[in-house]
Amino acid sequence: MAEHNDFVVTPWEVSGEIDYEKLINDFGVDRITPELMKRLEGHTGTLHTLLRRGLFFAHRDLGWILDEYERGNPFYLYTGRGPSGHTHLGHLVPWMFTRWLQEKFGSKLLFQMTDDEKFLFNPGLSLEETNSFAYENALDVIALGFNPNKTEIFSDIDYCKTLYPLALGVAKKITYSTTKAVFGMRNDSNIGQIFFSSVQAVPAFLESVRQGRNIPCLIPHAIDQDPYFRVARDVLPRLGYFKPASIQGRFLPGLAEGGKMSASIPESAIFTTDTEKTAKKKVMNAFTGGQATVAEQKRLGANPDICPVYHYMTFLFEDDDTKLKEQYARCKAGELLCGEHKQILAEKVAAFLKSHQQKREKAKEKD
Ligand code: TRP
């Protein structure tokens, strides 16, 4: 876990101004080097925007995953979602990246909905609620266009008959002192929370169990989930499986000043279920790196580095590097005013939502 004076990153809390350099140290993950990117690009042809821009920036054993792949031993992908509410744009970031990996490597994907986790960690949520959000969130996953023949989405509750015996095997190898050290479990933590990390480890070897031979697993995820997979990497070899590899991304900042997008502050995030009107309004009300007045902004320029409008462009809405650079420069020079920048973003967000929501509706026909 990473708890600093100015920021906190744990699987349950992400807040403050995150220093990603410090996180690399805290978690002991490796940076994605230019060499590794080249190697990836050799297989994928192009680099995904999120990789090119360093927004997926760290990994564990990615080199090994590519060694195995090059040796004719392809990997499967595993990612997931804790269904505590509706999906917002920040959630889509690692999923879109995962979709790209699936397409480029032809990988199978296991997508875990941890309705059990969100029940155990959120005092206000019932199991019925988290299970029903698992369904709602799955519609967003499907809408992103994963290959239906190579993708399995399951809720822990619904799939427990398969998961539970495997989770028990993992749980037997994790001591209480490990969960205390890694997750900060305390004497007053409920005992479901203490057990839960074993459930999130299961999809990292499930495909090996099914096929009766070891298959490499690559987990794309936002970096807050690393503690889970650090434990999984410790335990799985002791059960005779490979350590899972991972590739880790940053958080899409919230529309309010500082921090991640938070489902608990609805104005700070755009949900996939928001109407175009609501979404546009959220963009137009966003915090920016601008000055107090137009005159000042023209004179002094604005600060795109702290601006959610610019960050949204970087993460999701401006793929063209030249155009993005131009926005950055014009913003700094005081030529691009925040109102205009927001307007451009609002249109892009509305267009995305329109198309996403159509696909989301269609997804309801699938099981
Ligand atoms: N615990 C994650 C969350 O709260 C959900 C999750 C389960 C997950 N398995 C995963 C996320 C694998 C990334 C990768 O969102």
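As a convention, each chain's residues are numbered from 1 in the sequence order in which they are written. Whole-chain, interface and lining totals are the exception, using all residues; otherwise, since this is a predicted model, local features are given only for residues with pLDDT of at least 70 and side-chain atom pairs are given and counted only at 80 or more. Calculated side-chain values reflect all of the structure's heavy atoms, with hydrogen atoms and water omitted.

Student: Explain the sheet that holds strand β1 (residues 2–3) to me, please; I cannot follow it from the model alone.
Tutor: Strand pairing in a sheet relies on backbone hydrogen bonds. The paired strands run either parallel or antiparallel. As summarised here, the arrangement of the three strands in space is β1-β2-β3, forming an open sheet in which the pairing is antiparallel. Strands with a single pairing partner mark the edges of an open sheet, and in this sheet they are β1 and β3 (14–16). The pairing criterion for strands is at least two bridges between them, as found by DSSP. Helix and strand definitions follow DSSP, with helices as H or I runs of at least four residues and strands as E runs of at least two, each counted in order from the N terminus. Of the strand pairs in this sheet, β1 and strand β2 (residues 7–9) are connected by two bridges, and their pairing is antiparallel. Across the sheet, residue Ala2 finds its bridge partner in β2, namely Val9. Contacts are assigned to residue pairs that have any heavy atoms within 4.5 Å of one another. Axes, fitted as lines to C-alpha atoms, cover a helix only where it is in contact. Angles between the N-to-C directions of the axes lie from 0 to 180 degrees. Of the strands in this sheet, β1 and β2 touch helix α1 (residues 20–27), which is tilted by about 45 degrees from β2.

Student: Quick question: what am I supposed to make of the pairing of strand β7 (residues 109–113) here?
Tutor: A regular strand carries its side chains on alternate faces of the sheet. Within β7, five of the five residues are buried, leaving the element largely enclosed by the surrounding structure. To sort residues, take the accessible area from a 1.4 Å probe on protein chains only and compare it with the maximum for the residue type: under 20% means buried, over 50% means exposed, and anything in between is partly exposed. Residues of β7 alternate between two faces, with Leu109, Phe111 and Met113 on one and Leu110 and Gln112 on the opposite face, all of them buried. Looking at chain direction, strand β6 (residues 76–81) and β7 are connected through five bridges and run parallel. When the sheet's bridge partners are listed, Arg81 is paired in β7 with Met113.

Student: I would appreciate a short explanation of the site of the ligand in the present structure.
Tutor: One heavy atom suffices: a residue is near a molecule or strand as soon as one of its heavy atoms comes within 4 Å of it. Close contacts around the ligand come from 14 residues, with Tyr78, Gln112, Glu117, Gln200 and Gln225 the closest. In protein, a polar contact means a hydrogen-donor-capable atom and an acceptor-capable atom, both N or O and within 3.5 Å, with residues adjacent in sequence counting only if both atoms are side-chain atoms; elsewhere, any N or O pair within 3.5 Å suffices. One of the side-chain nitrogen or oxygen atoms of Gln200 is found 2.9 Å away from a nitrogen atom of the ligand. The separation between a nitrogen atom of the ligand and a polar side-chain atom of Gln225 is 2.9 Å. Per-residue accessibility takes into account occlusion by the displayed protein chains alone, with areas from the Shrake-Rupley method and a 1.4 Å probe. Alone, the ligand offers 370 Å² of accessible surface; in the complex the protein occludes 92% of this. For the shell around the ligand, the elements supplying multiple residues, two or more each, are β6, α6 (115–121) and β9 (217–222). Taken together, the residues of the shell around the ligand sort by class into three nonpolar, eight polar and three charged. In this classification, Asp, Glu, Lys and Arg are treated as charged, Ala, Val, Leu, Ile, Met, Phe, Trp, Tyr, Cys and Pro as nonpolar, and every other residue, Gly included, as polar.

Student: Looking at this structure, I do not really get the packing of aromatic side chains. What am I missing?
Tutor: By convention here, two paired aromatic rings are described through the distance between centres and the angle between planes. Two rings from Phe, Tyr or Trp (for Trp, the six-membered ring) form a pair when their centres sit within 6.5 Å of each other. Planes less than 30 degrees apart are called stacked, planes more than 60 degrees apart edge-to-face, and all others tilted. According to the stated counting rule, one finds 19 aromatic pairs in the structure shown. Residues Tyr69 and Phe75 carry aromatic rings whose centres are separated by 5.9 Å and whose planes lie at 55 degrees to one another, so their mutual orientation is tilted. Looking at Phe75, the relative accessible area reads 5%, which means it is buried. Any Lys NZ or Arg CZ found within 6 Å of a ring centre and within 35 degrees of that ring's normal is scored as a charge over the ring. When the ring centre of Phe57 is taken as origin, the NZ or CZ atom of Arg250, which lies over that ring, is 5.7 Å away.

Student: Where do I start with the side chain of Thr114 in this structure?
Tutor: Note on placement: Thr114 falls in the loop between β7 and α6. Residue classification places Thr114 among the buried positions, given a relative accessible area of 2%. Within polar-contact distance, the side chain of Thr114 engages the side chain of Glu117 at 2.7 Å. Residues within four places of Thr114 in sequence aside, it is in contact with Arg81, Gly82, Pro83, Asp156, Phe196 and Gln200.

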